[in-house]
Amino acid sequence: MHQQWYVIANPVSGQGKAGNNWTDLQQKIASYLPVSDWAVTTENGHATELAKQAIAQGYRRILTVGGDGTNHEVANGILSQSVARPIDIHHALLPAGTGNDWARTHSIPTKPDDALSMIAKGHTTLQDVGLINYQSHDKPVSRYFVNVAGLAYDGYLVQRSMQRKPGEGGKLFYLSLVTKCLFEYYLQEAVVEANGQAYQDFFYTINFGIGKYSGGGMQLVPHAEPDKGAFAVTLAGQISRLGVLMNTYRFYNGTIGAHPKVTTFFAEEADVKATPGSPPTLLEADGEFLGETPAHFQIVPKALRIVVPA
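As a starting point, this report considers the structure included with it. (Residues numbered from 1 in each chain as written. Predicted model: local features only at pLDDT ≥ 70, side-chain atom pairs only at ≥ 80, totals over all residues. Heavy atoms only, no water.)

Considering the overall build of the chain
Thought 1: Within the chain, the secondary structure is distributed over 10 helices and 15 strands.
Thought 2: At 19 Å, the chain has a C-alpha radius of gyration in line with the 19 Å of a compact globule built from 310 residues.
Thought 3: Each principal axis of the C-alpha distribution contributes one length, and for the chain these read about 55 × 40 × 35 Å.
Thought 4: Put simply, the chain has 310 residues, and 53% of those count as buried.
Thought 5: Across the chain, contacts joining residues at least 24 apart in sequence account for 74% of those joining residues at least 6 apart.
Thought 6: Just so you have it, the chain exposes about 13700 Å², and 50% of that area is on carbon and sulfur atoms.
Thought 7: Distance from the positive charge centre (24 side chains) to the negative charge centre (27 side chains) of the chain: 5 Å. (Helix = DSSP H or I, 4+ residues; strand = E, 2+ residues; numbered from the N terminus. Rg over C-alpha atoms; globule rule 2.2 N^0.38 Å. Buried < 20%, exposed > 50% of the residue type's maximum accessible area, 1.4 Å probe, protein only. Contact = heavy atoms within 4.5 Å. Areas by Shrake-Rupley, 256 points an atom, 1.4 Å probe, with all protein chains shown as cover. Lys, Arg positive; Asp, Glu negative; His and termini not counted. Charge placed at Lys NZ, Arg CZ, Asp CG, Glu CD.)

If you want it as structure tokens, here you go:
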């Protein structure tokens, strides 16, 4: 088994932040960690395959250089391969994205020197992951996620964000897109079944959280705990566009659950489906658009070993 690190980098993360300074960043990483091999992603899903290949080659330490999307892909590679137990793989992230929400949950520094110093110390912990079975292009598929999965408006927003032009991104772009999509999106009726109860509504948003943060610092699941063994669930019912705008501050200060049309709870598994006659509800996870309902969510306790501050 390799005791050195395999590095997977996404050169377009953070509006090209990693790619523009790749040579300098390689030198910096190598000054902190013993690196045996480097790989650069070229398309969506590539990081998942690179992670699988690295594990098959005997690597047990994988460093991801990128944002939440790249982190999501590498985690899926670790969790979906069958060569080694996922908890035997050390999964580390050098944040290089625009949101860095997963890093924020685990207090991982965003400055390269601070993050690499932390990674070199090698302190690890186990976090829960979520497994989703859902529909994509009329076929049943499955995917793991490590932070937050969102449906309804969240799914629509992420689907729309995929249409952005090269070079577009950042917090200002995201905030403008959030506002634009708010006036485009129409609420659709769905049913969420969890803990023996059924919640039916024209949901504005449905969230399943392992980490607290999503969307560049929003707290739609402020009660989430990465090792609780259950999802933090937030259901926001039929709220008007004006009501959403007036309560935007709640997305950031952790008080979303205080709104009278919002329900929060914990669940180890859940099902989400459209009501008869309603279109499927759109689904995203960790900021990546996946597909649509019907979707089944299941928690997998302490399934991923991650490098975090001591």
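On we go from here.
As for the packing of helix H3 (residues 46-56) against helix H4 (residues 68-80)
Thought 1: Where H3 meets H4, the closest approach of the two axes is 7 Å, and the angle between their N-to-C directions is 40 degrees. Classed by the angle they form, the pair H3 and H4 counts as oblique. By crossing handedness, the relation of H3 to H4 is classed as right-handed. Together, His-46, Ala-47, Thr-48, Ala-51, Lys-52 and Ile-55 of H3 and Thr-70, Glu-73, Val-74, Asn-76, Gly-77, Ile-78 and Ser-80 of H4 make up the contact between the two elements. (Axes fitted to C-alpha atoms, helices over the stretch in contact; angles between N-to-C directions. Parallel < 35°, antiparallel > 145°, perpendicular 65-115°, else oblique. Left-handed = near helix turned anticlockwise from the far one by under 90°.)

Re the environment of Val-244
Thought 1: As for its placement among the helices and strands, Val-244 is situated in helix H9 (residues 241-246).
Thought 2: Using a relative accessible area of 5% as the deciding quantity, one classes Val-244 as buried.
Thought 3: Separated by 40 residues in the primary sequence, Val-244 and Tyr-204 have C-alpha atoms spaced 9.0 Å apart.
Thought 4: Contacts of Val-244, omitting those with residues within four sequence positions, involve Leu-182, Tyr-204, Ile-239 and Phe-251.

Quick notes on empty space enclosed by the protein
Thought 1: As enumerated under the stated definition, the model contains one cavity of 30 Å³ or more in all.
Thought 2: A volume near 80 Å³ is recorded for the largest cavity.
Thought 3: Around the largest cavity, the lining residues are Tyr-204, Ala-236, Ile-239, Gly-243, Val-244, Asn-247, Arg-250, Phe-251, Ile-256, His-259 and Val-262.
Thought 4: The set of elements that each furnish at least two residues to the lining of the largest cavity consists of H9 and helix H10 (248-253).
Thought 5: When the residues that make up the lining of the largest cavity are grouped by side-chain class, the tally is seven nonpolar, three polar and one charged. (1 Å grid on protein atoms, 1.4 Å probe; cavity = no way out; pocket = protein on both sides within 12 Å on 5 of 7 lines; lining within 4 Å. Points joined across faces, edges and corners; volume = space filled by probe spheres on them. Nonpolar A, V, L, I, M, F, W, Y, C, P; charged D, E, K, R; others polar.)

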